[in-house]
Amino acid sequence: MSVDEKTVRRIAHLARIAVTDDEVGPLGAELNNILAFVEQLGAVDVSGVEPMTSVLPMAMKKREDAVTDGGRADAVIANAPETEDHYFLVPKVVE
C-alpha cells in the first residue's frame with residue numbers, strides 16, 4: 001500500500017497536526033516505510049507461538065469477588081438534598 005499526498009494530509013487532519021507543503025513528501029515516505037515494515041511483520045510465521053501479555057511470565061493477582069460493603073443506601077443518601085426511592089434527584093439539564 002502506498003500513501004499519497006492526499007492521504008498524508010487527511011491523516012494529519014485527523015490527528016490534528018499542522019503539516020506544511022514541504023513536510024508532506026517526507027511524511028509520506030515515513031508512512032510508506034512504516035507500512036512496509038508492518039507488511040514484513042505480517043509475513044513472519046508465528047504458528048505455535050503462544051500469545052503473551054508480558055515479556056516475563058507472571059500470574060495475575062486476583063481477589064475474591066465478594067461484596068465487602070453495601071446495604072447502606074439510607075446512609076449514602078442521608079445528606080442528599082432530594083431523594084426518591086433511594087435515588088438522588090437532580091435538576092433536569094436537557095430539554
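Bear in mind the structure is a predicted one, so any value in this text is a computation, not a measurement.

Thresholds, definitions, all that
Residues numbered from 1 in each chain as written. Predicted model: local features only at pLDDT ≥ 70, side-chain atom pairs only at ≥ 80, totals over all residues. Heavy atoms only, no water. Helix = DSSP H or I, 4+ residues; strand = E, 2+ residues; numbered from the N terminus. Rg over C-alpha atoms; globule rule 2.2 N^0.38 Å. Buried < 20%, exposed > 50% of the residue type's maximum accessible area, 1.4 Å probe, protein only. Areas by Shrake-Rupley, 256 points an atom, 1.4 Å probe, with all protein chains shown as cover. Lys, Arg positive; Asp, Glu negative; His and termini not counted. Charge placed at Lys NZ, Arg CZ, Asp CG, Glu CD. Salt bridge = Lys/Arg side-chain N within 4 Å of Asp/Glu carboxyl O. Axes fitted to C-alpha atoms, helices over the stretch in contact; angles between N-to-C directions. Parallel < 35°, antiparallel > 145°, perpendicular 65-115°, else oblique. Contact = heavy atoms within 4.5 Å. Nonpolar A, V, L, I, M, F, W, Y, C, P; charged D, E, K, R; others polar. Patch = residues over 30% accessible without salt bridge, like charges linked within 9 Å, V, L, I, M, F, W, Y side chains within 5 Å.

Draft legend 1. Local environment of the overall build of the protein. Across its full length, the protein carries 3 helices and 2 strands. Scaling as 2.2 N^0.38, a compact globule of 95 residues should have a C-alpha radius of gyration of about 12 Å, whereas the protein reaches 27 Å, well beyond that. In terms of overall dimensions, the protein has a C-alpha envelope of 65 × 50 × 20 Å along the principal axes. Relative to its full complement of 95 residues, the protein shows a buried share of 7%. In the structure as shown, the protein presents an accessible area of about 9,400 Å², 57% of it carried by carbon and sulfur atoms. In the protein, which carries 9 positive and 17 negative side-chain charges, the distance between the mean positions of the two groups comes to 1 Å.

Draft legend 2. Quick peek at the pattern of salt bridges. Tallied over the entire structure, the rule returns 1 salt bridge. Asp21 serves as the salt-bridge partner of Arg9, at 3.1 Å between the closest nitrogen and oxygen. You can see Arg9 sitting in helix α1 (residues 5-14) and its partner Asp21 sitting in helix α2 (residues 21-42), a full 12 residues away along the chain. Residue Asp21 is classed as exposed on the basis of its relative accessible area, which comes to 59%.

Draft legend 3. Region of the structure containing the packing of α1 against α2. Relative orientation of the contacting elements α1 and α2 amounts to 95°, with a least axis distance of 9 Å. For the element pair α1 / α2, the angle class is roughly perpendicular. Along its contact with α1, which presents Glu5, Val8, Arg9 and Ile11, the element α2 presents Asp21, Val24, Leu27, Gly28 and Leu31. In terms of residue class, the contact of α1 with α2 is built from 5 nonpolar, 1 polar and 3 charged.

Draft legend 4. Seen up close, a nonpolar patch on the surface. Together, Phe37, Leu41, Val44, Val46 and Val49 make up an exposed nonpolar region whose accessible area comes to about 480 Å². Tracing the sequence through the fold places Val49 in the loop between α2 and α3 (73-76).

Draft legend 5. Spotlight on the environment of Gly48. Note that Gly48 resides in the loop between α2 and α3. Classification of Gly48 by relative accessible area gives exposed; the value is 85%. Distance from Gly48 to Val67, taken between C-alpha atoms, is 41 Å for residues 19 residues apart in sequence.

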